[in-house]
Amino acid sequence: MKRILIPVDGSQPALHAIKALLDARAYDPVERVALLCVQIPLKSGKIGRGLSQHDIDAYYQDEGRAALQDASRLLTEAGVPFDEHVEIGEAAETIVRIANDTGADEIYMGTRGLGSVSSLFLGSVATRVLHLTDLPVTLVK
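Residues numbered from 1 in each chain as written. Predicted model: local features only at pLDDT ≥ 70, side-chain atom pairs only at ≥ 80, totals over all residues. Heavy atoms only, no water.

### Comments concerning the overall build of the chain
And then number 1: Along the backbone of the chain there are five helices and five strands.
And then number 2: Start at the N end of the chain and walk to the C end: the helices and strands fall as β-α-β-α-β-α-β-α-α-β.
And then number 3: Contacts in the chain between residues at least 24 apart in sequence constitute 79% of all its contacts with a sequence separation of at least 6.
And then number 4: Surface exposure of the chain reaches about 8100 Å², of which carbon and sulfur atoms provide 52%. (Helix = DSSP H or I, 4+ residues; strand = E, 2+ residues; numbered from the N terminus. Contact = heavy atoms within 4.5 Å. Areas by Shrake-Rupley, 256 points an atom, 1.4 Å probe, with all protein chains shown as cover.)

This is the structure in structure tokens:
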């Protein structure tokens, strides 16, 4: 049985990754899922002015929990055990770090479907994760 990490940002592609994992469990059993929402750090300047670090941390946690809500519901309804993680940092690097920290055997990720030209210019979290990890990565469109 596998331990799977699924990065979630509240988007439909992220939910597609959850659904793909649920479909795959019939032939590839899952022990536990780690759901991860990575919050990108706020840039210094006007946004954080006047806010305490506690307020900023609370904001990250609230936003992260909101993004995890639908994915958590799907896993709960399917009876799949999972943990939730909200982290702050660069997306790809944080995904790989948490995959290693949680002992994940594989990463399932939704993709935005921007295509190779867009990812060339915009950079792709999924592409970066592929370069940073030795774990199998299942990309779901």
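Moving on from the coordinates now.
### Some remarks on the nonpolar core
And then number 1: Formed by 23 residues in total, the largest nonpolar core has its most connected members in Ile6, Ile18, Val33, Leu35 and Tyr108.
And then number 2: Going through the elements one at a time, β1 (2-7), α1 (12-24), β2 (30-39) and α2 (53-78) are the ones with two or more residues in this core.
And then number 3: The element best represented in this core is α1, accounting for seven residues.
And then number 4: Residues Ala34, Leu36, Ala91 and Val96 belong to the second largest nonpolar core, which totals 16 residues. (Core = buried A, V, L, I, M, F, W, Y, C linked by side-chain atoms within 4.5 Å. Buried < 20%, exposed > 50% of the residue type's maximum accessible area, 1.4 Å probe, protein only.)

### Thoughts on the sheet that holds β2
Strand pairing within a sheet occurs via backbone hydrogen bonds; the two strands may be parallel or antiparallel.
And then number 1: Overall, parallel pairing links the five strands, which are arranged β3-β2-β1-β4-β5 in an open sheet. Edge positions in the sheet fall to β3 (82-88) and β5 (137-140), since each has one partner strand and no second. The sheet shows a mean angle of 20 degrees between the axes of neighbouring strands, direction not considered.
And then number 2: Sitting on the sheet, α1 touches β1, β2, β4 (106-110) and β5, and the angle it makes with β4 is about 135 degrees.
And then number 3: Where α2 meets the sheet, it contacts β2 and β3, and its direction lies at approximately 150 degrees from that of β3. (Pairing = 2+ DSSP bridges. Axes fitted to C-alpha atoms, helices over the stretch in contact; angles between N-to-C directions.)

### A word on the pattern of salt bridges
And then number 1: Using the criterion set out here, one finds nine salt bridges in the structure.
And then number 2: The network of salt bridges with shared partners includes Lys2, Asp28 and Glu106. (Salt bridge = Lys/Arg side-chain N within 4 Å of Asp/Glu carboxyl O.)

### Examining α2
And then number 1: A rise of 1.5 Å per residue sets the reference length of α2, with its 26 residues, at 38 Å; its end C-alpha atoms lie 37 Å apart and thus fit the reference within 8%.
And then number 2: Those residues of α2 lying buried are Ile56, Tyr60, Gly64, Ala67, Leu68, Ala71, Ser72, Leu74 and Leu75.
And then number 3: Check the buried side of α2 and you find it contacts α1, β2 and β3.
And then number 4: In the stretch just after α2, Gly79 is the one whose phi turns positive, near 75 degrees. (Expected span 1.5 Å × (residues − 1).)

### Topic: the environment of Asp62
And then number 1: Within the element layout of this structure, Asp62 appears in helix α2.
And then number 2: Since its relative accessible area comes to 54%, Asp62 is described here as exposed.
And then number 3: Considered as a pair, Asp62 and Val86 are 24 residues apart in the sequence and their alpha carbons are 9.3 Å apart.

### A few points about the packing of helix α3 (residues 91-101) against helix α5 (residues 125-132)
And then number 1: Where α3 contacts α5, the two axes come as close as 8 Å, and the packing angle between them is 45 degrees. Of the possible angle classes, the one that applies to α3 and α5 is oblique. Here the hand of the crossing between α3 and α5 comes out right-handed. Residues Ala91, Ala92, Glu93, Ile95 and Val96 of α3 pack against Val125, Arg128, Val129 and Leu132 of α5.
And then number 2: Across the contact of α3 with α5, the residue classes tally to seven nonpolar, no polar and two charged. (Parallel < 35°, antiparallel > 145°, perpendicular 65-115°, else oblique. Left-handed = near helix turned anticlockwise from the far one by under 90°. Nonpolar A, V, L, I, M, F, W, Y, C, P; charged D, E, K, R; others polar.)

### What to know about the side chain of Gln39
And then number 1: Secondary-structure assignment places Gln39 in strand β2.
And then number 2: Each residue touching Gln39, except ones within four places of it in the same chain, is listed here: Tyr60, Glu63, Gly64, Val86, Glu87, Ile88 and Gly89.

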